[in-house]
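# Reading the structure
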2 protein chains.
Amino acid sequence: MSARVFVVAAGATSFGPMPDVDGHELARQAVCAALESSGIDPAEIGIACAGHAYQGPCFGQKALMKIGLTGMPIVNVENACASGATAVQTVVNAIRAGQAEVGLALGAEKLTKPGGGFLPIVADDLESSMGRVMPAAFAMIARLHMERYGTTPEQMAGVAVKNRRNALRNPRCHLQKAVSVEEVLDAPMIADPLTRYSCCPVSDGAAAILIASEGAARRLCDAPVEIAASVLNSGLRTPYGIVDDRSEMSIRAANRAYEAAGVGPEDVDVCEMHDPFTIAELVHYEDLGFCAPGEAGRMIEEGRTEIGGDVAVSPSGGLLAKGHPLGATGVAQIAELFWQLRGEAGEYQVPGARVGLAHTVGGGVTKLESGACAVHILTA
Amino acid sequence: MSARVFVVAAGATSFGPMPDVDGHELARQAVCAALESSGIDPAEIGIACAGHAYQGPCFGQKALMKIGLTGMPIVNVENACASGATAVQTVVNAIRAGQAEVGLALGAEKLTKPGGGFLPIVADDLESSMGRVMPAAFAMIARLHMERYGTTPEQMAGVAVKNRRNALRNPRCHLQKAVSVEEVLDAPMIADPLTRYSCCPVSDGAAAILIASEGAARRLCDAPVEIAASVLNSGLRTPYGIVDDRSEMSIRAANRAYEAAGVGPEDVDVCEMHDPFTIAELVHYEDLGFCAPGEAGRMIEEGRTEIGGDVAVSPSGGLLAKGHPLGATGVAQIAELFWQLRGEAGEYQVPGARVGLAHTVGGGVTKLESGACAVHILTA
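For clarity, every value in this text was computed on a predicted model and none was experimentally measured. (Residues numbered from 1 in each chain as written. Chains lettered and ligands numbered in written order. Predicted model: local features only at pLDDT ≥ 70, side-chain atom pairs only at ≥ 80, totals over all residues. Heavy atoms only, no water.)

## A closer look at the overall build of chain A
Along chain A, the regular secondary structure elements total 13 helices and 12 strands. Compactness check: chain A gives a C-alpha radius of gyration of 19 Å against a globular reference of 21 Å for 380 residues, within 12% of the reference. Counting only C-alpha atoms, chain A reaches 55 × 45 × 35 Å along its principal axes. Taking all 380 residues of chain A together, 65% fall into the buried category. Counting every atom, chain A has about 12700 Å² of accessible surface; 53% of that belongs to carbon and sulfur. Of the side-chain charges in chain A, 29 are positive and 43 negative, and the distance between the mean point of each set is 2 Å. (Helix = DSSP H or I, 4+ residues; strand = E, 2+ residues; numbered from the N terminus. Rg over C-alpha atoms; globule rule 2.2 N^0.38 Å. Buried < 20%, exposed > 50% of the residue type's maximum accessible area, 1.4 Å probe, protein only. Areas by Shrake-Rupley, 256 points an atom, 1.4 Å probe, with all protein chains shown as cover. Lys, Arg positive; Asp, Glu negative; His and termini not counted. Charge placed at Lys NZ, Arg CZ, Asp CG, Glu CD.)

## Focus on the nonpolar core
Side chains of nonpolar character tend, in soluble globular proteins, to be buried together. Residues Val88, Ile209 and Ile211 of chain A together with Val88, Ile209 and Ile211 of chain B are the most contacted members of the largest nonpolar core, which totals 82 residues. In terms of nonpolar packing, the next biggest core, distinct from the first, is built from 44 residues, Ala229, Ala257, Ile300 and Val361 of chain A among them. (Core = buried A, V, L, I, M, F, W, Y, C linked by side-chain atoms within 4.5 Å.)

## Some details on the relation of the copies chain A and chain B
Least-squares fitting of chain A to chain B yields an RMSD of 0.0 Å, with the transformation described by 0.0 Å of translation along the axis and a rotation of 180 degrees. Considering both components of the superposition, the chain copies are consistent with a two-fold axis. With an isologous cut-off of 70% or more, the 100% of interface residues of chain A that recur at the interface of chain B puts this contact in the isologous class. (Least-squares fit on C-alpha atoms with pLDDT ≥ 70 in both. Contact = heavy atoms within 4.5 Å.)

## Looking at the pattern of salt bridges
Following the criterion strictly, the structure yields 32 salt bridges over all chains and no others. Put simply, Glu25 of chain A and Arg28 of chain A hold a salt bridge, and the shortest N to O gap is 2.9 Å. Note that Glu25 of chain A and Arg28 of chain A are positioned in helix α1 (residues 23–38) at a spacing of three residues, about one turn of the helix. Note that Glu214 of chain B is salt-bridged to Arg218 of chain B, the shortest N-O span being 3.6 Å. Pair noted here: Glu214 of chain B and Arg218 of chain B are both in helix α8 (residues 214–220), with a separation of four residues, about one helical turn. One network of salt bridges, in which partners are shared, links Glu295, Arg298, Glu302, Arg304 and Asp310 of chain A. (Salt bridge = Lys/Arg side-chain N within 4 Å of Asp/Glu carboxyl O.)

## Structural notes on the interface of chain A and chain B
With 41 residues of chain A in contact, the opposing surface of chain B contributes 41 residues. Between chain A and chain B, roughly 3200 Å² of surface is buried when both sides are summed, and carbon and sulfur atoms account for 52% of that area. Inspection of the region where chain A meets chain B yields zero salt bridges. For the side of chain A that touches chain B, the elements supplying multiple residues, two or more each, are α2 (59–65), β3 (74–78), α3 (83–96), β8 (225–235) and β12 (371–379) of chain A. (Buried area = accessible area lost by both parts, 1.4 Å probe.)

## Considering the packing of helix α5 (residues 134–149) of chain A against helix α10 (residues 278–287) of chain A
Residue and element names in this part refer to chain A. At their nearest, the axes of α5 and α10 sit 9 Å apart, and the two run at 55 degrees to each other. Judged on the interaxial angle alone, α10 and α5 are oblique. The crossing of α5 and α10 is left-handed. Every residue of α10 that contacts α5 at Phe138, Ile141, Ala142, His145 and Tyr149 is listed here: Ile279, Ala280, Val283 and Glu286. Looking at the contact of α5 with α10 residue by residue, the classes come out as seven nonpolar, one polar and one charged. (Axes fitted to C-alpha atoms, helices over the stretch in contact; angles between N-to-C directions. Parallel < 35°, antiparallel > 145°, perpendicular 65-115°, else oblique. Left-handed = near helix turned anticlockwise from the far one by under 90°. Nonpolar A, V, L, I, M, F, W, Y, C, P; charged D, E, K, R; others polar.)

## A short note on the side chain of Asp204 of chain B
Residues and elements named next belong to chain B. Positionally, Asp204 belongs in the loop between β6 (194–195) and β7 (205–213). Looking at Asp204, the relative accessible area reads 0%, which means it is buried. Only 2.5 Å separates the side chain of Asp204 from the side chain of Thr112, close enough to count as a polar contact. Sequence-distant contacts of Asp204, defined by excluding residues within four places in its chain, comprise Ser14, Phe15, Gly16, Pro17, Met18, Pro19, Leu26, Glu109, Lys110, Leu111, Thr112 and Pro325. (Polar contact = N/O pair within 3.5 Å; in protein donor to acceptor, adjacent residues only side chain to side chain.)

## Digging into the environment of Arg342 of chain A
Residue and element names in this part refer to chain A. Of note, Arg342 is situated in the loop between α13 (326–341) and β11 (355–363). A sequence separation of 38 residues divides Arg342 from Ala380, and the C-alpha atoms of the two residues are 6.9 Å apart. When residues no more than four places from it in sequence are discounted, the contact partners of Arg342 are Cys221, Asp222, Ala223 and Val225.

## Describing the domain arrangement of chain A
One frequent convention defines the size of an interface as the accessible area lost when the parts assemble. Residue and element names in this part refer to chain A. Along its sequence, chain A is carved into domain 1 (5–113 + 204–227) and domain 2 (126–198 + 230–379). For domain 1 and domain 2, the distance between their C-alpha centres works out to 23 Å. At the junction of the two partners, domain 1 supplies 44 residues and domain 2 supplies 34 residues. Of the roughly 2900 Å² buried at the junction of domain 1 and domain 2 (both faces included), carbon and sulfur atoms supply 71%. (Domains from an automatic or database assignment.)

## What about the environment of Cys200 of chain B?
Along the chain, Cys200 of chain B turns up in the loop between β6 and β7. With 25 residues separating them in the primary sequence, Cys200 of chain B and Leu175 of chain B have C-alpha atoms 9.3 Å apart.

## Points about the pairing of strand β3 (residues 74–78) of chain B
Along β3 of chain B, five of the five residues are buried, which leaves the element largely enclosed by surrounding structure. Both faces of β3 of chain B are covered, namely the face carrying Ile74, Asn76 and Glu78 of chain B and the face carrying Val75 and Val77 of chain B. Across three bridges, the pairing between β3 of chain A and β3 of chain B is antiparallel. Paired with Asn76 of chain A across the bridge in β3 of chain B is Glu78 of chain B. Assessed by its sense of winding, the connection that carries the chain from strand β2 (residues 47–51) of chain B through helix α2 (residues 59–65) of chain B to β3 of chain B is right-handed. (Pairing = 2+ DSSP bridges. Right-handed = clockwise from strand over helix to strand, strands pointing away.)

Written out as structure tokens, the structure reads:
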């Protein structure tokens, strides 16, 4: 039985293009928001972990130094899009190991740059260099899901419609404009059947949470939120062939997290999900057990993942509308759950939310590569 | 009282320029060496952590996938030159947190590239861009030590002479040629008073260790080596001004490690030290308490840090002669101590070694930046 750990504070910047703000400043804003909103003394922080993918050597040290946070162990972690979630688990482990009573998990990414441009593609990545970049890989997954289960482009578009609608209520979102199913289908094609509105935007942003041991949580916070499960694993998104429509890493991580937390998918009230493309959200409904394989198209169609439905999926707007600054995403998901489970999510509050699940995936999209999947379950 | 953890296996590549070998292959060789020398089943590995600075996204997943190691949590950590030592601590915490019984700490770096070239300098690093690169920073520290304590260029050169001599006995070393004090002084000047032979070379390499809980260690290894202290902190190398001749981070980390392990500097038989420049080793004699401030020049002169002296410092050859593939260094230091404390260090064995200390520093050399320092104490 692992020692209990709790989230006691959260802060985040808005996500979106911020060409004049550097990564250190984004991190500063998120950390200060967490500290100021909770009133917790920065001197309480006994370990810090910074999740990021492209911010350079000793990013955490440099960013935190600028707000006077130095001296404690600082670890920079990278797991592609799951870097932030990995930072959360690294802090959880440090607290459970007795290294500190209170730890800071920071996630930040500055992706936009003058003149724009793509994410760097790793030089030795044969598949990407031949065109199998992320949208192409997810388009193949979408094609397979359509063929196998009769999932329709309209159902996939429904994910964008829902997450854009949720985003209208969350001032931290990158894309705050509603779209209709027709607009999603008519948008410029990126990788058939995925159009521009089926893909997450390129965003900057940062998020920070404070995690505490049970004793420190009781002392520092009137309504701490327990991290009932923190699971990280590695593997492939698509283990059974060139493409597949289920994600072995996500299924395995979710099952272990449910077991650790003593809950099942039917107990989850709110889920912040890894939805870089519309099809990803549908596949992950099935991976996380929210519906049976092949049922995801109908689940979105019937509104069962709306706020007020069976399980509210990405009420924050998700990666598709809130944005996806890689390292920030996993920490921001936990911050969103912290607010939801404390009833502090304002206009996009999920009524009566008691159990939240954050699901993050990084890397591992090609057949040759292994990536990371993290599932955290939080309980009020 | 933290749960006890032990090193149960170690493996490493030779260090040196290996232009035809990529980082994944270096990692593979080190991990396989650790597994093969110990006979431990790879299926025992419940968590893996890869320390590196420049190997790109999800390096650990990609490298380990190529030898079939996937499924377990894999965390990539970065702390500049202390990335490997940070990987060790991350695995220690995961085991103490109960996440796994056995973990793999991997460190790897491929630094040489076709055509050579420098390490990338971070674009927003004002001091480096104006010439305050590593050799310049350490030259200023050397000047201050000379001025304050009368340390001589001959004494500094003595560090290179010792470490090059040790390296002659270690087949894994990059530089296997003895140098005399005169040769060090007469070598091309890099940053006065540091000549080419006062600086570590640019090397490729990898190292891996397996860390286990007490129960697993007893089951898997006939002579496990305890990690009696694992300390990581952040801060500045030079906190008191533009330069200073002692390192606040190292002093603080060492003091905490001695306290955790219940030993003092006088108990250390063998030390693998962070010696990227000759002056660094002298400064760290003082930081780690091997001699009083100002006494380091005399300590090297009197041979007290030779194999067979008061404390054998860097019998492996150290960064100066063995080489310094950034992420690999911290893990390789612990591997060296594992071999020393088991009496397996061959030609460079420190007779009767019972207590070993590994000291690694990363970043934090300028006034504006915070870095990392790790001190591990191992006991037979």
